[in-house]
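# Understanding the architecture of this molecule
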Amino acid sequence: MTAFPTERLKGIVPFVQAADAGSFTAAAQQLNLTSSAVSKSVARLEARLGVPLFERTTRRLMLTDAGRAFYETCTGILQALAEAESVLAAQMREPAGAVRMALPASFGRRCVVPLLARLATQYPDLRPHLLFADRFVDLAEEGIDLAVRIGGPPDLPGSLARRELGRERLIFCAAPAYLARSGTPNTIDALRDHACIVYGRPDGSSLPWSYALEDGGAARHVVARPRIVAGDAEAQLAFVREGLGIAQLATWLAREDLEAGRIVEILGGSATDGLPLTLLWPVARQLTPKVNVLAQEFEAKLWIR
């Protein structure tokens, strides 16, 4: 960008004010300056431009032809600056501009996208840019304004702010058609006789199931013998919905299907807490409206119970 000489701005406001007021004295009163200061400012401006801007009489200032042309240009510039300031002020009052978000794939699609659709309608100048990734994204390296994480280390660098979004609740689910065909297990041990749909890790292993004890003791783990292994939570849900077996699912994932009766919860006494959900954003951006409003909305509307 070419450097802009700041001296070009000097004298413009006193000049425009004097032209509008018709005298240096009236302009000085409006600018809270002395009449001499306004007169000298305009004189320096005329000297720099090399043309007289006013025809001076004892009664009133009159613009010269050059002064009139310069006045039109200056008022346009001042109006543009005022409008730019108004735009910035509006952006500081409500969310506006691009906001990059990193979201867990399934949670992002099922829980965050519907909320963002409503917020994007409410704030038309907000431009969400969504990254769906189940990996832990480096917010600074990838320029992320806001991120949701499921699980992860409790210790975070001081450069990140955080808010808790609750903790997953894990329940055992099956389709009514599957239970009608295969029976309903009444104990964890009975699961060994059923088709199990488990979550597969990238290394090829399966994620163990956690379950609570009836006496309220610490949660225990069991490795199910899978019929189907899927490295995607929504795929697990789809298999359960089709009556292919039993899976342990987060309530945020299964809620709609449970409410619609497409699947049902079983072994209710064995439901247990899963991973924590955390909202993260760079501390340096926490005062911007787009981050502040989104963080508040996420905390209020996405809290996992």
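Up top is the structure these notes are about.
First things first, this report covers the structure right here in the doc. Everything numeric in this text was worked out from a predicted model, so none of it was measured.

### A look at the side chain of Asp 257
Relative to the assigned elements, Asp 257 resides in helix α8 (residues 251-260). For Asp 257, a relative accessible area of 2% puts it in the buried group. A polar side-chain atom of Asp 257 sits 2.8 Å from a polar atom in the side chain of Arg 241. The contacts of Asp 257, once residues within four sequence positions are left out, are Arg 110, Leu 237, Arg 241, Arg 262 and Ile 263.

### Focus: the environment of Arg 225
When you line up the elements, Arg 225 lands in the loop between β9 (220-222) and β10 (226-230). Separated by 34 residues in the primary sequence, Arg 225 and Leu 191 place their C-alpha atoms 8.8 Å from one another. Among residues more than four places away in sequence, those in contact with Arg 225 are Arg 192 and Cys 196. A polar contact of 2.9 Å, which involves the side chain of Arg 225, links it to the backbone oxygen of Arg 192.

### Considerations on the nonpolar core
Across soluble globular proteins, nonpolar side chains have a tendency to be buried as a group. Membership of the largest hydrophobic core comes to 42 residues, with the highest contact counts inside it found for Phe 107, Leu 294 and Phe 298. With six residues, the top contributor of residues to this core is helix α5 (residues 105-122). Sequence-distant contacts of Phe 107, defined by excluding residues within four places in its chain, comprise Val 112, Val 148, Ile 150, Trp 252, Leu 277, Leu 302 and Ile 304.

### Thoughts on the environment of Arg 68
Locating Arg 68 in the fold gives a position in helix α4 (residues 65-93). Between the alpha carbons of Arg 68 and Ala 19 there is a distance of 9.0 Å; along the sequence they are 49 residues apart.

### Some thoughts on the packing of aromatic side chains
On inspection of all chains with the given rule, the structure shows six aromatic pairs. Note on Phe 15 and Phe 70: the rings are 5.5 Å apart at their centroids and 40° apart in plane angle, and the pair reads as tilted. Here Phe 70 lies in helix α4 and Phe 15 lies in helix α1 (residues 12-21), a separation of 55 residues in the sequence. Classification of Phe 15 as buried rests on a relative accessible area of 0%. Between the aromatic rings of Phe 15 and Tyr 71, the centroid separation amounts to 6.5 Å while the plane-to-plane angle is 75°, which identifies the pairing as edge-to-face. Residue Phe 15 is found in helix α1, and its partner Tyr 71 is found in helix α4; the two are separated by 56 residues along the sequence. Here Phe 15 and Tyr 71 have matching classes, each one buried.

Cut-offs applied
- Residues numbered from 1 in each chain as written.
- Predicted model: local features only at pLDDT ≥ 70, side-chain atom pairs only at ≥ 80, totals over all residues.
- Heavy atoms only, no water.
- Helix = DSSP H or I, 4+ residues; strand = E, 2+ residues; numbered from the N terminus.
- Buried < 20%, exposed > 50% of the residue type's maximum accessible area, 1.4 Å probe, protein only.
- Polar contact = N/O pair within 3.5 Å; in protein donor to acceptor, adjacent residues only side chain to side chain.
- Contact = heavy atoms within 4.5 Å.
- Core = buried A, V, L, I, M, F, W, Y, C linked by side-chain atoms within 4.5 Å.
- Phe/Tyr/Trp six-rings, centres within 6.5 Å; stacked < 30°, edge-to-face > 60°.

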